[in-house]
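Tertiary structure, described
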Amino acid sequence: LSYLDRALVFNPLQEDLQRESIRIHYLAGDRPGAIRRYDDLRRLLDEEMGVPPMVETRNLYDAIVNDRLTPAHAIEPLRSTVRPASQRINRLTEDAIQEFRLPFSGRKAEIQQLTEGLTACRLVLVEGEPGIGKTRLVEEYLERSKAIPLTGRAHELEQKLPFQPILTTLRSLFQRSDWEILRAHLARDLPLVWRTEIGRLVPDQPDLFPVAPGTTVEETRLWESVYQLLAVVSRRQGLILFLDDIQWADPSSIGLVGYLVRRNYPGSVGFVATSRTVSAQSAFQTLVQSLTRERRIERILLHRLSLQEIQTIVARLSSTAQPVFLAERLAEALEGNPYILSELVRQAKETQADQPGWEGSLL
């Protein structure tokens, strides 16, 4: 996987290598990781080329989702994956499939813990295995919150790029429907010296954040500029910064998060992050230990879905007269992992898109 990831840095659209990575995740016992990797590939191909994954990749994915990878799928010689222009398709069906989301069920205790954690502490860390529902839990909370959500995500292959998750977080502010109002607010109340420093991070807003002259970057000034921006916005409305997959964040971003969490704000500002198992040698683990000693962090560990929770989801999705039986069958296949459940149901809906009773393909 390490060698494949290094090769994919040069060309992430090389689908034979992507397919091999998906297969190795599965053979290593990480089925959620294999499914998530396919999902990332599907999104990348759609955004960059407007095409779906190749037939070979789709067949591999189907075998993994249904946990039926045969010896014929286990090893496949790498070969060219040049795509003819004729493979461009109407995206309507593909987009409809990607928009499918499971009904949110259970997790009431975790939502309550998240709410209380943001009240008592400054940072809430939601932890768990891949596909367990960390991101969905936070998204559900943010939809119910009246605070402005600033969302960013760290990526495994971008760990050497400084401040990438922070950059995406700030850009999520620019995409808000009320951005023009916020922009006027920042232009009036955020001093030019701090707007100029922020221009180093987001050079695509030169009118508001002019790029600072010179190439020397002082991290302390950069950190302070982000704090000043959040402080100005928080005077108008509460803020919640959400960093997804923070375990992949670069050390500079981790240092900035620690700096922001420890500061005081004129308005309400909270921080939420999701993480897989934290490496003992990582910069983020160092921050977690430090904030734990300072009592500035609340940690929430997510567990797998229970049979009762799966039954609740199935009852809301299915028209079958056997929701309990269907839930039991699904529970056996997905081992309590909601991401695999989502992919199984989405695949069933896709294969039976023009027919009633999509549950039959699962039974």
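What you see is a predicted model, and the numbers here were worked out from it, not measured in a lab.

Cut-offs and rules
Residues numbered from 1 in each chain as written. Predicted model: local features only at pLDDT ≥ 70, side-chain atom pairs only at ≥ 80, totals over all residues. Heavy atoms only, no water. Helix = DSSP H or I, 4+ residues; strand = E, 2+ residues; numbered from the N terminus. Buried < 20%, exposed > 50% of the residue type's maximum accessible area, 1.4 Å probe, protein only. Contact = heavy atoms within 4.5 Å. Areas by Shrake-Rupley, 256 points an atom, 1.4 Å probe, with all protein chains shown as cover. Core = buried A, V, L, I, M, F, W, Y, C linked by side-chain atoms within 4.5 Å. Salt bridge = Lys/Arg side-chain N within 4 Å of Asp/Glu carboxyl O. Pairing = 2+ DSSP bridges. 1 Å grid on protein atoms, 1.4 Å probe; cavity = no way out; pocket = protein on both sides within 12 Å on 5 of 7 lines; lining within 4 Å. Points joined across faces, edges and corners; volume = space filled by probe spheres on them. Nonpolar A, V, L, I, M, F, W, Y, C, P; charged D, E, K, R; others polar. Axes fitted to C-alpha atoms, helices over the stretch in contact; angles between N-to-C directions. Left-handed = near helix turned anticlockwise from the far one by under 90°. Patch = residues over 30% accessible without salt bridge, like charges linked within 9 Å, V, L, I, M, F, W, Y side chains within 5 Å.

Across its full length, the protein holds 17 helices and five strands. Among the 363 residues that make up the protein, the fraction classed as buried is 50%. Relative to all contacts within the protein whose residues are 6 or more apart in sequence, the contacts with residues 24 or more apart total 75%. With the model as given, the accessible surface of the protein reaches about 18200 Å², and the carbon-plus-sulfur share is 51%.

A separate point is the nonpolar core. Counting 50 residues, the largest nonpolar core has Leu186, Phe209, Leu229, Leu230 and Phe271 as the members making the most contacts within it. A total of nine residues in this core trace back to one element, the largest contributor, which is helix 12 (residues 219–236). Beyond its immediate stretch of four places on either side in the chain, Leu229 contacts Leu170, Leu173, Leu186, Leu190, Ile198 and Phe209.

Right, let's talk about the pattern of salt bridges for a bit. Taken as a whole and judged by the stated rule, the model has 17 salt bridges. Where Arg153 meets Asp245, a salt bridge forms, and the shortest distance between an N and an O atom there is 3.1 Å. Here Arg153, found in strand 2 (residues 148–153), pairs with Asp245, found in the loop between strand 3 (239–244) and helix 13 (251–262); they are 92 residues apart in sequence, far enough to count as distant. Asp245 sits in the buried class, given a relative accessible area of 7%. Asp204 serves as the salt-bridge partner of Arg171, at 3.0 Å between the closest nitrogen and oxygen. With Arg171 in helix 9 (residues 164–174) and Asp204 in the loop between helix 11 (192–198) and helix 12, the pair connects residues that are 33 residues apart, well separated along the chain. Look at Arg171 and you get partly exposed, because its relative accessible area is 29%.

We now examine the pairing of strand 3. Most of strand 3 is tucked away: six of the six residues are buried. Note: strand 2 against strand 3, six bridges, orientation parallel. Looking at strand 3, one finds that Pro149 is bridged to Ile240. Bridge analysis of strand 3 against strand 4 (residues 269–275) gives five bridges, and the strand direction is parallel. Each bridged residue has a counterpart across the sheet, and for Ile240 the counterpart in strand 4 is Gly270.

To continue, consider the layout of surface pockets. Reported here for the second largest pocket is a volume of approximately 960 Å³. Around the second largest pocket, the lining comprises 26 residues; the ones closest to its centre are Arg37, Asp40, His155, Glu156 and Leu157. Among the elements of the structure, helix 1 (2–10), helix 2 (15–27) and helix 3 (31–48) are those that each provide at least two residues to the lining of the second largest pocket. Of all the elements, helix 3 adds the most residues to the lining of the second largest pocket, at eight residues. Grouping the constituent residues of the lining of the second largest pocket by class yields ten nonpolar, four polar and twelve charged.

Turning our attention to the environment of Glu110. With respect to the element layout, Glu110 can be found in helix 7 (residues 108–120). The exposure class of Glu110 is buried, given its relative accessible area of 16%. When near neighbours in sequence (up to four residues on either side) are disregarded, Glu110 contacts Leu137, Ile300 and Leu302.

Another aspect to go through is the packing of helix 7 against helix 8 (residues 134–144). The contact between helix 7 and helix 8 brings their axes to 10 Å, and the two run at 65 degrees. Considering how the two elements wind past one another, helix 7 and helix 8 form a crossing that is right-handed. Residues Glu110, Ile111, Leu114, Thr115 and Leu118 of helix 7 form the contact with helix 8, whose participating residues are Leu137, Val138, Tyr141 and Arg144.

So, about a nonpolar patch on the surface. A cluster of nonpolar side chains, namely Val9, Phe10 and Leu157, defines an oily patch on the protein surface of about 360 Å² accessible area. A relative accessible area of 47% means that Leu157 is categorised as partly exposed.

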